[in-house]
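Examination of the molecular architecture
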Amino acid sequence: MPGPAESAAAALGLAYKLVHHGPANSLLEAAAAQGIPAADLVKTLVVRRGEGDYLFVLVPGDRVISWPKLRALLGVNRLAMPDAATALEATGYERGTITPFGSSTPWPVIADVRTEGRTISLGAGERGVALQVSASEAVAALGGTFADVTEAA
């Protein structure tokens, strides 16, 4: 039976590949288990804009959020990463499994521009499982946007 993330991707009409890669202790291990470069394993990070106001930022595995770029894009002075319990409450997913697909609340999505036009691997809502999708198709289906919001790790 498909999980919420796979069901949501299917409901959006996305072509995807569900990959069971098993346990991984790091992003690099997960990328190696899937046979993809770290840049294509995309972290879904939950960012708090304000009280009860979050967004998903899709960050290539070899990069980190550039807080000045993201604040400028959003026109805010403060952003924060919620703790694990708050992220779970906001998304329905535990850290390490978070995905914009099937989230308990459909928060806005900003994907780093470096993912555009690539096939990426996102969390699928459970440990050791990923969804490989076209970033361009996924971001469009989620009503998201691409922007330059990261810097080298």
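Data block above holds the structure.
Residues numbered from 1 in each chain as written. Predicted model: local features only at pLDDT ≥ 70, side-chain atom pairs only at ≥ 80, totals over all residues. Heavy atoms only, no water.

What follows is about the overall build of the chain. When you go through the chain residue by residue, the secondary structure sums to 5 helices and 9 strands. Written out in order from the N terminus, the α and β elements of the chain read α-β-α-β-β-β-α-α-β-β-β-α-β-β. For 153 residues, the compact-globule formula gives about 15 Å, and the C-alpha radius of gyration of the chain, at 14 Å, lands near that figure. Once the C-alpha set of the chain is aligned to its principal axes, its extents read approximately 40 × 30 × 30 Å. Among the 153 residues that make up the chain, the fraction classed as buried is 44%. Carbon together with sulfur atoms contributes 53% to the accessible area of the chain, which is approximately 7,500 Å² in total. (Helix = DSSP H or I, 4+ residues; strand = E, 2+ residues; numbered from the N terminus. Rg over C-alpha atoms; globule rule 2.2 N^0.38 Å. Buried < 20%, exposed > 50% of the residue type's maximum accessible area, 1.4 Å probe, protein only. Areas by Shrake-Rupley, 256 points an atom, 1.4 Å probe, with all protein chains shown as cover.)

Here we take up the pairing of strand S6 (residues 119-123). Among the 5 residues in S6, 4 count as buried, and that is most of the element. The sheet contact formed by S6 and strand S7 (residues 129-134) spans 5 bridges and is antiparallel. Following the sheet pairing, Gly-123 is matched in S7 by Ala-130. (Pairing = 2+ DSSP bridges.)

Further remarks concern the pairing of S7. Summarising burial for S7: 5 of the 6 residues are buried, a large majority. The pairing of strand S1 (residues 16-20) with S7 spans 5 bridges and is classified as antiparallel. Residue pairing in the sheet places Leu-18 in a bridge with Leu-131 of S7. What sits between the antiparallel neighbours S6 and S7 is a turn of 5 residues, in which Gly-125 has the positive phi angle 90 degrees.

Attention now goes to the packing of aromatic side chains. Applying the stated criterion across every chain yields a total of 1 aromatic pair. Look at Tyr-54 and Trp-107: their rings are 5.3 Å apart centre to centre, the planes differ by 70 degrees, and that puts the pair in the edge-to-face class. Taken together, the residues span a long stretch of sequence, with Tyr-54 in strand S3 (residues 53-60) and Trp-107 in the loop between helix H4 (84-91) and strand S5 (109-112) at a distance of 53 residues. Note on accessibility: Tyr-54 and Trp-107 belong to one class, buried. (Phe/Tyr/Trp six-rings, centres within 6.5 Å; stacked < 30°, edge-to-face > 60°.)

Attention shifts here to the pattern of salt bridges. Summed over all chains, the structure comprises 7 salt bridges. Measuring nitrogen to oxygen at the nearest pair gives 2.6 Å for the salt bridge that ties Arg-118 to Asp-40. In this pair, Arg-118 sits in the loop between S5 and S6 while Asp-40 sits in the loop between helix H2 (27-34) and strand S2 (42-50), placing the two residues 78 residues apart along the sequence. For Arg-118, a relative accessible area of 35% gives the class partly exposed. Judged by relative accessible area, Asp-40 falls into the buried class, the value being 10%. (Salt bridge = Lys/Arg side-chain N within 4 Å of Asp/Glu carboxyl O.)

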